[in-house]
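Spelled out from the first residue to the last, the chains are:
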Protein chains: 2
Amino acid sequence: MALKHAILVSLAEKAASGYDLARRFDKSLGFFWQASHQQIYQLLAKMENSGELAAELQAGTGKPGRKVYRLTDAGRRALHEWTREPTPTEQPRSEFAVKIRGMNFGDPTAVRLDIERQREAHRARLAYYLAEAARNYPDPEALDAARLPPYLVLRGGIRTETGYIAWCEEMLELLDRDPAHPTPTRQEKP
Amino acid sequence: MALKHAILVSLAEKAASGYDLARRFDKSLGFFWQASHQQIYQLLAKMENSGELAAELQAGTGKPGRKVYRLTDAGRRALHEWTREPTPTEQPRSEFAVKIRGMNFGDPTAVRLDIERQREAHRARLAYYLAEAARNYPDPEALDAARLPPYLVLRGGIRTETGYIAWCEEMLELLDRDPAHPTPTRQEKP
DNA sequence: ACAGACATGTAAAGTGTTACATGATTCA
DNA sequence: TGAATCATGTAACACTTTACATGTCTGT
């Protein structure tokens, strides 16, 4: 149940409502873990029930009622114990790679266009990560212990995207060399 | 339902039983998609029911009874149509990255050791992929259209593992530089 | 005789996605 | 007044993992 641990980490950084957490999962926390608000609200309730979180209601301040969660001692303990466990080595899971593998049983030209689409999408994501890095970590050498871990994760994102783009470019090049996978000629509009 | 498409791709390459497919998901098909035999048997039954697959029983040949599945025309059509659809751009999902991010709320020394463990696991996987590449694709320039796609996927695996290892090394280096994350001194056995 | 590979399945629990549902506040 | 954002939730469905269950064949 890694979502639970992602929530523990995020609340250890700063107390938050379910809504806040959902926003964080759209941002930096979401580089390597995603969650919808539906999942989050349910798990928050469960974790409050099990005593790992405590909620404080902020009602009547003008805005709609917020339930702000923070870690209890039990929650902090659970988080600490989790960091001591070895992480199972993950295999990536990519529908795109499956499609590459099956390209000859379908429409190779369409798959080639899909490779270009993927490359563009990952270029955009890389640009975003690089901008975040420049904005939040202009001097990585000088980072203190507290700010180092999020930077390390961002570096992972940058490496992942860079590698993905290079893979797409390599595939396009190899497909271009192969006469059975002709480059689609595009209609130039005058 | 990407597992369905992974099965369609694999059966398009060669007809197989559920057991065979489970073996393939342990091997090259599994570089980017995993599935257990439990999942496979259930989905095969469902796909036979929906007319995308046809099964042939091979009983009494001495070995226990095998049900060999192959694509029907409807299955081939479904596969073809799927290759024409753009693939949704995936975000990676990594419990390990979450743990990095939370390292300061737990045991940083244990997480550092976990980084080393991950690096070793990915080094081993990279070595395996490189051996596969050398064995099956000694001359990538000369690959024909039919054998190019699995090679492209293997290249993706090699890139992914290489990037992961480099990320681990970068993290270890940055952690070593930081006095708040001391390198654990190991007891040398004389 | 026993271990290990071959071979196929069911059931239950856990996790994740999609659809549905509601209501307040803020800004144009 | 209407759209966007803030804010929380339920329900149904899809997918994955883990546990249970059974029986054959091959080699030692």
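For clarity, every value in this text was computed on a predicted model and none was experimentally measured. (Residues numbered from 1 in each chain as written. Chains lettered and ligands numbered in written order. Predicted model: local features only at pLDDT ≥ 70, side-chain atom pairs only at ≥ 80, totals over all residues. Heavy atoms only, no water.)

**So, the overall build of chain A**
Within chain A, the secondary structure is distributed over seven helices and two strands. Expected size for 190 residues packed as a compact globule is a radius of gyration near 16 Å; at 22 Å, chain A overshoots this value by more than 25%. C-alpha atoms of chain A, sized along the principal axes, occupy 65 × 40 × 40 Å. For chain A, buried positions account for 48% of its 190 residues. Split by element, the accessible area of chain A, about 9,800 Å² in all, is 53% carbon and sulfur. Positive and negative charge centroids in chain A, built from 28 and 26 side chains respectively, lie 5 Å apart. (Helix = DSSP H or I, 4+ residues; strand = E, 2+ residues; numbered from the N terminus. Rg over C-alpha atoms; globule rule 2.2 N^0.38 Å. Buried < 20%, exposed > 50% of the residue type's maximum accessible area, 1.4 Å probe, protein only. Areas by Shrake-Rupley, 256 points an atom, 1.4 Å probe, with all protein chains shown as cover. Lys, Arg positive; Asp, Glu negative; His and termini not counted. Charge placed at Lys NZ, Arg CZ, Asp CG, Glu CD.)

**Thoughts on helix 7 (residues 148-177) of chain A**
A rise of 1.5 Å per residue sets the reference length of helix 7 of chain A, with its 30 residues, at 44 Å; its end C-alpha atoms lie 44 Å apart and thus fit the reference within 8%. In terms of residue burial, helix 7 of chain A counts as a mostly covered element, since 21 of its 30 residues are buried. (Expected span 1.5 Å × (residues − 1).)

**Re the relation of the copies chain B and chain A**
For the match of chain B to chain A, the screw axis carries a shift of 0.0 Å, the RMSD comes to 0.0 Å, and the turn is 180°. Here the transformation between the copies is reduced to the relation of a two-fold axis. Among all residues of chain B, the minimum C-alpha distance to the rotation axis is found for G163 of chain B, at 3.4 Å. Of the residues that chain B buries at the interface, 100% are likewise interface residues in chain A, meaning the two copies contact each other through the same surface. (Least-squares fit on C-alpha atoms with pLDDT ≥ 70 in both. Contact = heavy atoms within 4.5 Å.)

**Here's the deal with the interface of chain B and chain A**
Across the contact, 77 residues belong to chain B and 77 residues belong to chain A. When the buried surface of chain B facing chain A is broken down by residue, R93, R101 and F105 of chain B rank first, second and third, together holding 11% of it. Our count for the contact surface shared by chain B and chain A stands at ten salt bridges. Put simply, R177 of chain A and E141 of chain B hold a salt bridge, and the shortest N to O gap is 2.4 Å. Connecting chain B to chain A are 54 residue pairs in polar contact (both at pLDDT 80 or more). Broken down by secondary-structure element, the contributors of at least two residues to the side of chain B that touches chain A are helix 1 (2-13), helix 4 (73-84), helix 5 (95-101), helix 6 (108-136) and helix 7 (148-177) of chain B. Per element, the largest residue contribution to the side of chain B that touches chain A is 19 residues, and it comes from helix 7 of chain B. (Buried area = accessible area lost by both parts, 1.4 Å probe. Salt bridge = Lys/Arg side-chain N within 4 Å of Asp/Glu carboxyl O. Polar contact = N/O pair within 3.5 Å; in protein donor to acceptor, adjacent residues only side chain to side chain.)

**Side note on the UniProt feature "domain: Transcription regulator PadR C-terminal" (unreviewed entry) in chain A**
The sites that UniProt annotates as "domain: Transcription regulator PadR C-terminal" (unreviewed entry) are residues 93-176 of chain A. Helix makes up 77% of residues 93-176 of chain A and strand 0%, with an end-to-end C-alpha separation of 26 Å. (UniProt positions renumbered as here; feature names shortened; annotations may be inferred.)

**Notes on the packing of aromatic side chains**
This structure, assessed with the given rule, holds 16 aromatic pairs over all chains. Relative to Y129 of chain A, the ring of Y128 of chain A lies with its centre 6.2 Å away and its plane at 50°, an arrangement referred to as tilted. The class of Y128 of chain A is partly exposed, set by a relative accessible area of 39%. By relative accessible area, which is 2% here, Y129 of chain A ends up buried. Between F31 of chain B and Y128 of chain B the ring centres are 6.4 Å apart and the planes differ by 90°, which places this aromatic pair in the edge-to-face class. One end of the pair, F31 of chain B, is in the loop between helix 2 (18-26) and helix 3 (37-49); the other, Y128 of chain B, is in helix 6, and 97 residues separate them in sequence. A network of ring pairs unites the aromatic residues F32 of chain A together with F96, Y164 and W167 of chain B as a single cluster. One Lys or Arg, K99 of chain A, reaches over the ring of W82 of chain B and ends 4.8 Å from the middle of that ring. (Phe/Tyr/Trp six-rings, centres within 6.5 Å; stacked < 30°, edge-to-face > 60°. Lys NZ or Arg CZ within 6 Å of the ring centre and 35° of its normal.)

**Considerations on the packing of helix 1 (residues 2-13) of chain A against helix 2 (residues 18-26) of chain A**
Residues and elements named next belong to chain A. At their nearest, the axes of helix 1 and helix 2 sit 11 Å apart, and the two run at 105° to each other. Relative to helix 2, the element helix 1 lies roughly perpendicular. Packed against helix 1, whose contacting residues are L3, A6, I7, S10 and L11, the element helix 2 presents L21, R24 and F25 at the interface. Tallied by class, the residues present in the contact of helix 1 with helix 2 amount to six nonpolar, one polar and one charged. (Axes fitted to C-alpha atoms, helices over the stretch in contact; angles between N-to-C directions. Parallel < 35°, antiparallel > 145°, perpendicular 65-115°, else oblique. Nonpolar A, V, L, I, M, F, W, Y, C, P; charged D, E, K, R; others polar.)

**Digging into helix 1 of chain A**
Every α-helix winds through 3.6 residues per turn, so residues three or four apart in the chain are directed the same way. An ideal rise of 1.5 Å per residue puts 16 Å on twelve residues; helix 1 of chain A measures up with 17 Å between its terminal C-alpha atoms. Of all the twelve residues making up helix 1 of chain A, ten are buried; the element is thus mostly covered by neighbouring parts of the structure. Three or more residues of helix 1 of chain A are buried, namely A2, L3, K4, H5, A6, I7, L8, V9, S10 and L11 of chain A. Turning to helix 1 of chain A, the residues buried within the fold contact helix 2, helix 3 (37-49), strand 1 (53-58), strand 2 (66-71) and helix 4 (73-84) of chain A together with helix 5 of chain B.

**A look at the pattern of salt bridges**
Residue and element names in this part refer to chain A. A complete count under the given rule lists 38 salt bridges over all chains for this structure. Between K4 and E52 there is a salt bridge, with the nearest N and O atoms lying 3.0 Å from each other. Of the two residues, K4 is situated in helix 1 and E52 in the loop between helix 3 and strand 1; the sequence distance between them amounts to 48 residues. Salt bridges sharing partners connect three or more residues here, namely R119, E120, R123 and E169.

**Observations concerning the environment of D176 of chain B**
Residues and elements named next belong to chain B. Note that D176 resides in helix 7. When the C-alpha atoms of D176 and R112 are compared, they prove to be 9.7 Å apart, with 64 residues separating the residues in sequence. Polar side-chain contacts of D176 include one of 2.4 Å to the side chain of R112.

**Describing the environment of A55 of chain B**
Residues and elements named next belong to chain B. Tracing the backbone through its elements, the reader meets A55 in strand 1 (residues 53-58). Residue classification places A55 among the partly exposed residues on the basis of a relative accessible area of 30%. Distance in space between the C-alpha atoms of A55 and L71 is 9.0 Å, their sequence separation being 16 residues. Once residues lying within four places of it in the same chain are set aside, the contact partners of A55 are E48, K67, V68 and Y69.

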